[in-house]
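# Structural overview
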Amino acid sequence: MNFKKVKVVFFKEFMEVMRDKRTVFTVMVLPVILYPVLIIGLNTIMMRQAGVLEEKGATVAVSDSISSASSQAIITDLSQIEHYTIIPAAENAQSLYESKDIQAIISIADSVSASGLHSFKAYIQYDAANERGQLIYSKLRQSLKSSEKRLIQEQLEIRSIDTGILSLISITELDTSSSQRRMGMLLGTFLPYIMIMMLLGGASVVAADLVAGEKERKTLETLLVAAIGRKEIVIGKYLTIITMGMLNLIINLFSVSFSLKFMLSNAGINMEGAQMPLKAIFILLAAMLPLATLFSAILLSISTFSRNMKEARSYEQPLLFISMMLGMISFLPAIEMNNLMSLIPVVNIALLFKAVMVEDYQLSHLIITIISTLVLDVAAIWGSIRLFNAEGILFRTEDDSGSLKSVKKNKRNFFSPYYGLIYFSIALVALFYLGSYMQSKELYKGLLYTQIFIILLPVVLLLRLLKQDLNSTLRLKAPKVLDTLLVIFMAIPGAILAAIIGQLINRIFPFPSQYLENLSQLFKLDIPLWQSFLVIAVAPGICEEILFRGLMPRFFERYGMRMNIIITALLFAAFHLDPFRFVPVFLLGLLLGYQTLKSGSIYLSMLSHTVNNSLAVFIMHFAKAPWMKYLGTSEELHYWLAAPAVIILSIAIYLFHKHTGGNECVES
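We now turn to the structure provided with this report. Counting restarts for each chain, with residues numbered from 1 along the sequence as it is written. In keeping with the predicted nature of the model, local features appear solely for residues at pLDDT of at least 70, side-chain atom pairs appear and are counted solely at 80 or more, and the whole-chain, interface and lining totals rest on all residues. Side-chain numbers here rest on the full set of heavy atoms in the structure, without hydrogens or water.

### Looking at the overall build of the protein
Secondary structure follows DSSP: runs of H or I at least 4 residues long count as helices, runs of E at least 2 residues long count as strands, and numbering of each begins at the N terminus. A tally of helices and strands in the protein yields 24 helices and five strands. Burial classification: accessible surface area is computed with a 1.4 Å probe over protein chains only, and a residue below 20% of its type maximum counts as buried, one above 50% as exposed, and the rest as partly exposed. Counting only residues that meet the buried cut, the protein has 47% of its 668 residues in that class. Throughout, a contact is declared for two residues whenever any of their heavy atoms are within 4.5 Å. If you take every contact in the protein between residues at least 6 apart in sequence, the share linking residues at least 24 apart comes to 76%. Throughout, the Shrake-Rupley method with a 1.4 Å probe supplies accessible areas, and for residues the shown protein chains are the sole cover considered. On the protein, roughly 33500 Å² of surface is accessible, and the fraction owed to carbon and sulfur atoms is 65%.

### Re the sheet that holds strand β5 (residues 169–175)
Sheet architecture is open: five strands sit in the order β2-β1-β3-β4-β5, paired in mixed fashion. Across the chains shown, the open sheet's two edge strands, defined by having one partner strand only, are β2 (84–88) and β5. In this sheet, neighbouring strand axes are inclined to one another by 25° on average, regardless of whether the strands run parallel or antiparallel. We treat two strands as partners when DSSP finds at least two bridges between them. Sheet topology places strand β3 (residues 104–112) next to strand β4 (residues 118–126); eight bridges connect them, and they run antiparallel. Here an angle of 0 to 180 degrees is reported between the N-to-C directions of two axes, which are lines fitted to C-alpha atoms, with helices fitted over the stretch in contact.

### Topic: unusual backbone geometry
Even without a glycine there, the phi angle at Ser 67 is positive, about 55°. The residue Ser 67 is located in the loop between β1 (58–64) and α3 (69–79) in this model. In this structure Ser 67 comes out as exposed when scored by relative accessible area, which is 56%. Unlike most non-glycine residues, Lys 100 shows phi in positive territory, near 70°. Structurally, Lys 100 is set in the loop between α4 (93–98) and β3.

### Notes on the pattern of salt bridges
When a carboxyl oxygen of Asp or Glu is within 4 Å of a side-chain nitrogen of Lys or Arg, the pair counts as a salt bridge. Summed over the entire model, instances satisfying the criterion amount to eight salt bridges. Taking the shortest distance from any N to any O, the salt bridge between Lys 145 and Glu 148 comes out at 2.9 Å. Here Lys 145 pairs with Glu 148, and both are found in helix α5 (residues 131–158), just three residues apart, close to one helical turn. Classification of Lys 145 by relative accessible area gives partly exposed; the value is 35%. Among the salt bridges present, the one from Arg 313 reaches Glu 316, with a minimum N-O distance of 2.9 Å. With Arg 313 and Glu 316 both in helix α10 (residues 309–327) and three residues apart, the pair spans about one turn of that helix. In this structure, a network of salt bridges that share partners links the residues Arg 475, Arg 554 and Glu 557.

### What about the nonpolar core?
We define a nonpolar core as any set of buried Ala, Val, Leu, Ile, Met, Phe, Trp, Tyr and Cys residues linked to one another through side-chain atoms lying within 4.5 Å. Ranked by size, the top nonpolar core spans 56 residues in total, and within it Leu 199, Leu 291, Phe 295 and Phe 388 carry the most contacts. Secondary-structure elements contributing two or more residues to this core are α6 (179–217), α7 (220–224), α8 (230–266), α9 (278–305), α11 (347–357) and α12 (363–389). Considering every element that reaches this core, the biggest residue donor is α9, with 14 residues. The contact partners of Leu 199, leaving out residues within four places of it in the chain, are Gly 245, Met 246, Asn 248, Leu 249, Met 288, Leu 291, Ala 292 and Phe 295. In terms of nonpolar packing, the next biggest core, distinct from the first, is built from 41 residues, Ala 427, Leu 431, Leu 474 and Ile 546 among them.

### A word on the environment of Ile 241
Examined against the element boundaries, Ile 241 turns out to sit in helix α8. Along the sequence, Ile 241 and Val 205 sit 36 residues apart, while their C-alpha atoms lie 8.8 Å from each other. If near-sequence neighbours (up to four positions away) are discounted, Ile 241 is found in contact with Ala 203, Val 206, Ala 207, Leu 210, Ser 296 and Leu 300.

### Here's the deal with the packing of helix α15 (residues 417–441) against helix α21 (residues 560–575)
For the pair α15 and α21, interaxial distance at closest approach is 11 Å and the crossing angle is 15°. As summarised for this structure, α15 and α21 are arranged roughly parallel, according to the angle between their axes. The two elements α15 and α21 meet at a crossing, and its hand is right-handed. Two secondary-structure elements touch here, α15 through Leu 421, Phe 424, Ala 427, Leu 428 and Leu 431 and α21 through Leu 571, Ala 574 and Phe 575. Across the contact of α15 with α21, the residue classes break down as eight nonpolar, no polar and no charged. If an angle is under 35 degrees, it is roughly parallel; if it is over 145, roughly antiparallel; if it lies from 65 to 115, roughly perpendicular; otherwise it is oblique. By the definition used in this description, the sense in which the near helix is turned from the far one sets the handedness, with an anticlockwise turn below a right angle giving left-handed and a clockwise turn giving right-handed. Each residue gets one label: Ala, Val, Leu, Ile, Met, Phe, Trp, Tyr, Cys and Pro are nonpolar, Asp, Glu, Lys and Arg are charged, and the others, such as Gly, are polar.

### As for α15
Helices are assigned an expected span. That span is 1.5 Å times one less than the residue count. Here α15 contains 25 residues, and its C-alpha end-to-end distance of 35 Å stays within 8% of the 36 Å for a straight helix at 1.5 Å per residue. Two axes define the bend at a residue: one fitted to the seven residues ending there, one fitted to the seven starting there, and the bend is the angle between them. Helix geometry: α15 is bent most strongly at Leu 431, by close to 30°.

### A word on the environment of Thr 450
Here Thr 450 lies in helix α16 (residues 443–465). The spacing of Thr 450 and Leu 434 is 16 residues in sequence and 8.0 Å in space, taken between C-alpha atoms. Discounting chain neighbours no more than four positions away, the residues touching Thr 450 are Leu 431, Gly 435, Met 438, Gln 439 and Ile 455. Within 3.5 Å is the distance limit for a polar contact, defined as a pair of N or O atoms, with the added protein rule that one can donate a hydrogen and the other accept it, and that residues adjacent in sequence qualify only through two side-chain atoms. In terms of polar contacts, Thr 450 uses its side chain to reach the side chain of Gln 439, at 3.2 Å.

The analysis is restricted to geometry; functional conclusions fall outside its scope.
Structural data, given as structure tokens:
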């Protein structure tokens, strides 16, 4: 073997990989972004769900056949468990337990040893096939063990030591769940994630080759000159991807499911009487079919857009990461299927899978899941057909994302979606690491430094380096007086609606107490009011707008005004690293982007952003004022404010839209 030639080949292949911007972004940049987002998202969700499960509590019926001072003391100890209601067990206790009106039954009995020592037996009846039942058993057992310790101490004070005294309370677990439900619970926890990944993996292998592979092999033209319409070609390829994806899913599903019982038995888990849940599996296959169609449509669009298979694989990675994170929802405790969850793609399948496996699902959730996924599927396949009919996309041979050479020749080539995502990634990483570090030292100065040195200054330096005119690039144009007045009438009701939407989200998905405490620290800074306005309202209003309504829209101008506004609003919401406020911040970003691109002046979005944040500072500062009771409390605004806010905002947008030129967009 000639190692010199190996070395030459290695460096040649390595340099080619490093010159491919998409590969570099996918392999090196994307993980750096996703890991902080994944850590923050899962951490906040797990924090909230753990708290929800704790606060949900339980109603426990206690049957006391002893009625002694000691047994009453045990019941008193049980009543001290936070969020738990202890009631006497009536004759209908078992029926109440089966109807889930009570979540556990404790039966306390006594026993006498040969030496005459009195001890207690506590039988805990609960459902171990769900996280809540397991938590209830753990809480009750902990309380009973605490009672046992106290009783031992009392006994040691009044008599000599007896070995039997160490077992005053004997706890017997009465698990009412069947081995079938236990098996279903284990299947429903990890199998959804595996199946979603298998479905996506199987479909992606075929999709990348069907169009991008044919482009690479120069065989696509042969099919296009045949007497077949392009729509038929797209649908035929689409059905092929679905078929292969579902075949891969079915094989993996049955293989994993049928081997699970053997695996669990070897692990010492009692699976006696458990049978393969074939009915549940067929229901899930019916629900997975719409997801297969959605994945197939998205993958076909990626393959059609890509120049070759390597590029298609690069584009598939973000879809894989996102699906992986959404599929992991089945691992999280206390998240149950509901109508809202049924609308979220991938998440709905994972939660439905879990519910079906333990035979605790609703038909309405299954129907909503299928219909909502099919709606997205129709949109995705429509996009695939549009791409396949676009000659410039179908026969794209050159890299149109702007190479470094083209940027050196013409600095304007820098403003492409690729470099926009690269810049956003760097800014996000800097915010996560440097911003968090600075704010941990001193919150007030850290927030200000973050806005200036991480968000504003890099934009100015970049444009200076590219020798771009700041005024025209960032749309630093004086706005019209009427536009300014209308923006104020948009900003205030917009801020009210964003706050109310946040309140509604909190009602549906209660925010963790730790999260609310951290958020309130922003408004409890030991600084004068004017400094609070400066840090919380003015600085973000200027710096964040320079980035998200000044620089970032330049990267996405090729997509038109509407898509530009949507893309930059999504990036704006993601930049805040706050999953609980993502929707309100996204909606605010839509409004701010519209104000800037329609008027051609970034000063309007700066004003609107500042007013929005100022309203929060204003409400928190004057929360205890007598007149504030007409608007809300320190925690929430009154919901009736939404009606006038919608009316005023609608009128203001209409007048602003008409005054700034209707459907035309001011580009500079």
